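Notes for the structure review
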Amino acid sequence: MDIHARILIDYSGSMGYMKGSQEFENKYLLPNGSPRIELVKKILIEDILPAIQHFSLISIIRFSSSTYRSNKFISRYLYSGSTTIEAIEKIKELKAPPLGGTPIYTAFKRFSDFLKNGVLSKKIMFIITDGDSNDVEDFDEKIIEFMKSSNIECPIYIIGIDQNIIAETKSKNLCNKSGGKYVNLKAMDYDKAYIDSMLFELKTNILNSSLNHISESKEIKPVSTTNVNDLKKKNQLEINEDFSDEYISKLEKTIEGNTNAISLIGKQLELIVNQISALKNSDLNEELEILEDSEFNLKIGRYAESVLNSYLKDVVKLKNCRWNNEIQENYEPYDFKIEDGLNLTYIECKSSIGFEKNFYLSKNEWNFFLDHKDNYELMFVSEVFKKDQIFNMGNLFQAIIDKKIVPYSIKNRKIKSDLAYFRIV
C-alpha cells in the first residue's frame, strides 16, 4: 500500500527576522543569530525526511498570510515527488520569510484535497509551526469538524517550534484526535541529541504506521500442486504463461513489501539503540552537569523562564508582571517582579530536565531572599523540554518552615562554594 505525505511549513514572520516590525524585529532569532526557519530546515533534512524516505509521494508546501490583519492566503509548492534527495535540495533553498501570519486552518483546508483522493493509499499530514493560528481561534476543533464533515481520516503530526502553552494545547488536541503525534521543540538552538530525543516517539510512530500498512497487504496464496494436477487431468485448464506472470508479479510485490518491512524494522532498532545510548549518557552525566553548573545551563534556565512567563501572563493572567531576562540575561537575584500598587513580589524560577526537583540558590540570591523573605516566591519547572510541569511553591520562607522545601539531599553530592542546596519534597 502506498503512503503519501504532505508537509505544511509555517512561513510566517516569526520564522524569519520580522524586519519592519518595531516591536518584534529580531526577537525570535536563535542564539547563533539565525531565524527559526533555519532550525526547521535542519529538522526536515536531518530527521523528518530520512524517516519518511520510503513513502511513495512527498509534497512540501510553505504557507502564510500577507499580514497579521489580512486574510490573504499565500502558499507555494516547494516539492512534490518521491525522491528525498531532491526534496532536501528544495528545502535548502528556503530563505527567511517576510512579515506575515499563520493561517493553519486555511492551509489545512486548502491542501486537504489530496486526503480525499485514492482509497488505496495511506495519507499523513505534517504541520511545522512556531505559533497559534491567526485565521480562526480554535483551529484544532475547526479542523476536526472539517475532517468529519468531509469524511477525512488522516493522522496529523505537528512539530511545534517553541509554541506557547495556548498553541501547544490546541496542537496537541488536534494530533490526539486525528491519531497523530505532537512534539514541541523548545530548545533555543539545534541540539542534535535533544532533537533526537524529542522526535524519537514521533519517528517510531511513523515507522509503526508504515509497517501496519505493509502487513495489511493481502498475502499471496501459492498454487496448490493437487489443484494443478487435477486441472491437467481434466484438461480444463493449462497453467499458461499469463497465469505464471501474474503469480510472479504478485510474488515480487510480496517480496518487495517484506524487504521494506525489514528495512523499517532495522530503522526502528536503530532509533531504539540510539535512544538507549543517549539515556545512558544522560544518566552518567546527570550529576556531573549539576555539579558543574549550579543553575544547570543558560539554555535550560532561559527556556524554563519562558514557560513560566507564558503561564503567568496567559494562564494566571497576572498584570504588571515583568520578566527580567526576556531580552537578555540581567543576572539579578530574581527572575520576575510583580508590581501591585505599593506591593512588590519577587519570583525566582528554578528548573530541572528530570523528575528530581532540586535547585541551588547562589550567594546573591540567598542574601536577597533573606532581605525580602516576606515577598520572595519560588516556582519550579520540572522535566524541561518534555512535560514542563510547573510547581508553584509560593513564599519560599514559608515553604521551608512548612518543610515543603528542605536543605538536604537524599544522596551524596559535592556542592560548589557560595551555593545553597534545596530539594522540593
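Residues numbered from 1 in each chain as written. Predicted model: local features only at pLDDT ≥ 70, side-chain atom pairs only at ≥ 80, totals over all residues. Heavy atoms only, no water.

Once that is clear, we can look at the sheet that holds strand β7 (residues 321-323). The strand order across the open sheet built from 5 strands is β7-β8-β9-β11-β12, with neighbouring strands paired in mixed fashion. Each edge of the open sheet carries a strand with a single partner, namely β7 and β12 (389-395). Direction aside, the axes of adjacent strands within the sheet are offset by 20° on average. In this sheet, strand β9 (residues 343-351) lies alongside strand β8 (residues 336-340) in antiparallel orientation, the contact comprising 5 bridges. If you follow Phe-336 over to β9, its bridge partner there is Ile-347. Contacts from helix α10 (residues 298-315) reach β7, β8, β9, β11 (376-382) and β12 within the one sheet, and its direction differs from that of β9 by about 135°. (Pairing = 2+ DSSP bridges. Helix = DSSP H or I, 4+ residues; strand = E, 2+ residues; numbered from the N terminus. Axes fitted to C-alpha atoms, helices over the stretch in contact; angles between N-to-C directions. Contact = heavy atoms within 4.5 Å.)

Turning to the packing of aromatic side chains, a few remarks are in order. Counted according to the given criterion, the structure contains 16 aromatic pairs. Taking 5.0 Å as the distance between ring centres and 85° as the angle between the ring planes, the aromatic pair formed by Tyr-346 and Phe-368 counts as edge-to-face. Highlighted residues: Tyr-346 in strand β9 and Phe-368 in helix α11 (residues 363-371), separated in sequence by 22 residues. Owing to a relative accessible area of 9%, Tyr-346 belongs among the buried residues under this scheme. (Phe/Tyr/Trp six-rings, centres within 6.5 Å; stacked < 30°, edge-to-face > 60°. Buried < 20%, exposed > 50% of the residue type's maximum accessible area, 1.4 Å probe, protein only.)

Okay, the nonpolar core next. Counting residues in hydrophobic clusters, the biggest one holds 32 residues, and the most contacted among them are Ile-7, Ile-9, Leu-49, Ile-52, Ile-60 and Ile-161. Residues within four places of Ile-60 in sequence aside, it is in contact with Ile-7, Ile-9, Leu-49, Arg-76, Tyr-77, Leu-78, Tyr-79, Ala-87 and Ile-91. Formed by 25 residues, the second largest nonpolar core is a distinct cluster that contains Met-125, Ile-144, Cys-154 and Cys-175. (Core = buried A, V, L, I, M, F, W, Y, C linked by side-chain atoms within 4.5 Å.)

So, on to helix α1 (residues 36-51). In a regular helix each residue adds 1.5 Å, so 16 residues correspond to 22 Å; α1 covers 22 Å between its end C-alpha atoms and thus fits that length. Leu-44 marks the point of greatest bend in α1, at about 45°. Within α1 the residues assigned to the buried category are Arg-36, Ile-37, Leu-39, Val-40, Lys-41, Ile-43, Leu-44, Asp-47, Ile-48, Leu-49 and Ala-51. (Expected span 1.5 Å × (residues − 1). Bend = angle between axes of the 7 residues up to and from the residue.)

We now examine the confidence of the model for the protein chain. On average, residues of the protein chain score 79 in pLDDT, and 71% of them reach the 70 mark or higher. A low-confidence stretch, residues 236-242 (pLDDT under 50), is modelled with 5 contacts involving residues beyond four sequence positions or located in other chains. Segment residues 282-296: pLDDT under 50, and 21 contacts once partners within four positions in sequence are set aside and those in other chains are kept. (pLDDT = per-residue confidence, 0-100.)

What follows deals with the side chain of Asn-325. Examined against the element boundaries, Asn-325 turns out to sit in the loop between β7 and β8. A distance of 3.0 Å separates polar atoms of two side chains, one belonging to Asn-325 and the other to Glu-305. Sequence-distant contacts of Asn-325, that is, excluding residues within four places in its chain, are made with Arg-302, Glu-305, Asn-330, Tyr-331 and Asp-335. (Polar contact = N/O pair within 3.5 Å; in protein donor to acceptor, adjacent residues only side chain to side chain.)

A surface patch of nonpolar side chains, amounting to about 340 Å² of accessible area, comprises Ile-165, Ile-166, Val-315, Val-316 and Leu-318. Residue placement: Leu-318 occurs in the loop between α10 and β7. Relative accessible area serves as the criterion here: at 31%, Leu-318 is assigned to the partly exposed category. (Patch = residues over 30% accessible without salt bridge, like charges linked within 9 Å, V, L, I, M, F, W, Y side chains within 5 Å. Areas by Shrake-Rupley, 256 points an atom, 1.4 Å probe, with all protein chains shown as cover. Salt bridge = Lys/Arg side-chain N within 4 Å of Asp/Glu carboxyl O.)

Before going further, it helps to spend a moment on helix α6 (residues 165-178). The periodicity of an α-helix, 3.6 residues per turn, causes residues three or four places apart in sequence to face the same way. Helix length check: α6, at 14 residues, gives a terminal C-alpha distance of 20 Å against a target of 20 Å (1.5 Å per residue), a fit within 8%. Buried within α6 we find Ala-167, Glu-168, Lys-170, Ser-171, Asn-173, Leu-174, Cys-175 and Ser-178. On the buried face of α6, the contacting elements are α5 (139-149), β5 (156-161) and β6 (182-185). Taking the backbone nitrogen of Ile-166 as reference, a side-chain oxygen 3.1 Å away marks Asn-164 as the first, capping residue of α6.

Between α5 and α6, the shortest axis-to-axis distance is 8 Å and the interhelical angle comes to 25°. The angle between α5 and α6 falls in the class roughly parallel. Residues Phe-139, Asp-140, Glu-141, Ile-143, Ile-144 and Met-147 of α5 touch α6, and the partners they reach there are Lys-170, Ser-171, Asn-173, Leu-174, Lys-177 and Ser-178. Per-class residue counts for the contact of α5 with α6 are 5 nonpolar, 3 polar and 4 charged. (Parallel < 35°, antiparallel > 145°, perpendicular 65-115°, else oblique. Nonpolar A, V, L, I, M, F, W, Y, C, P; charged D, E, K, R; others polar.)

To continue, consider the environment of Leu-49. Within the element layout of this structure, Leu-49 appears in helix α1. Using a relative accessible area of 1% as the deciding quantity, one classes Leu-49 as buried. Among all residues touching Leu-49, those that are not within four sequence positions of it are Ile-7, Leu-44, Ile-58, Ile-60, Thr-84, Ala-87, Ile-88 and Ile-91.

With that settled, consider unusual backbone geometry. If you check the backbone angles, Asp-388 has positive phi at about 50° while not being a glycine. Here Asp-388 lies in the loop between β11 and β12. A positive phi angle is found at Lys-403, which is not glycine, with a value near 65°. Position of Lys-403 among the secondary structure elements: in the loop between α12 (396-401) and β13 (405-406).

Note on sheets: strands pair through backbone hydrogen bonds, and any given pair is parallel or antiparallel. Judged by pairing direction, the sheet is mixed, and its 6 strands sit side by side in the order β3-β2-β1-β4-β5-β6 without closing on themselves. Whereas interior strands pair on both sides, the edge strands pair on one side only; in this sheet they are β3 (73-81) and β6. For this sheet, the mean inter-axis angle between neighbouring strands, taken without regard to orientation, is 15°. Sheet topology places strand β2 (residues 57-65) next to β3; 8 bridges connect them, and they run antiparallel. Opposite Ser-64, over in β3, you have Ile-74 as the bridge partner. Of the strands in this sheet, β5 and β6 touch α6, which is tilted by about 160° from β5.

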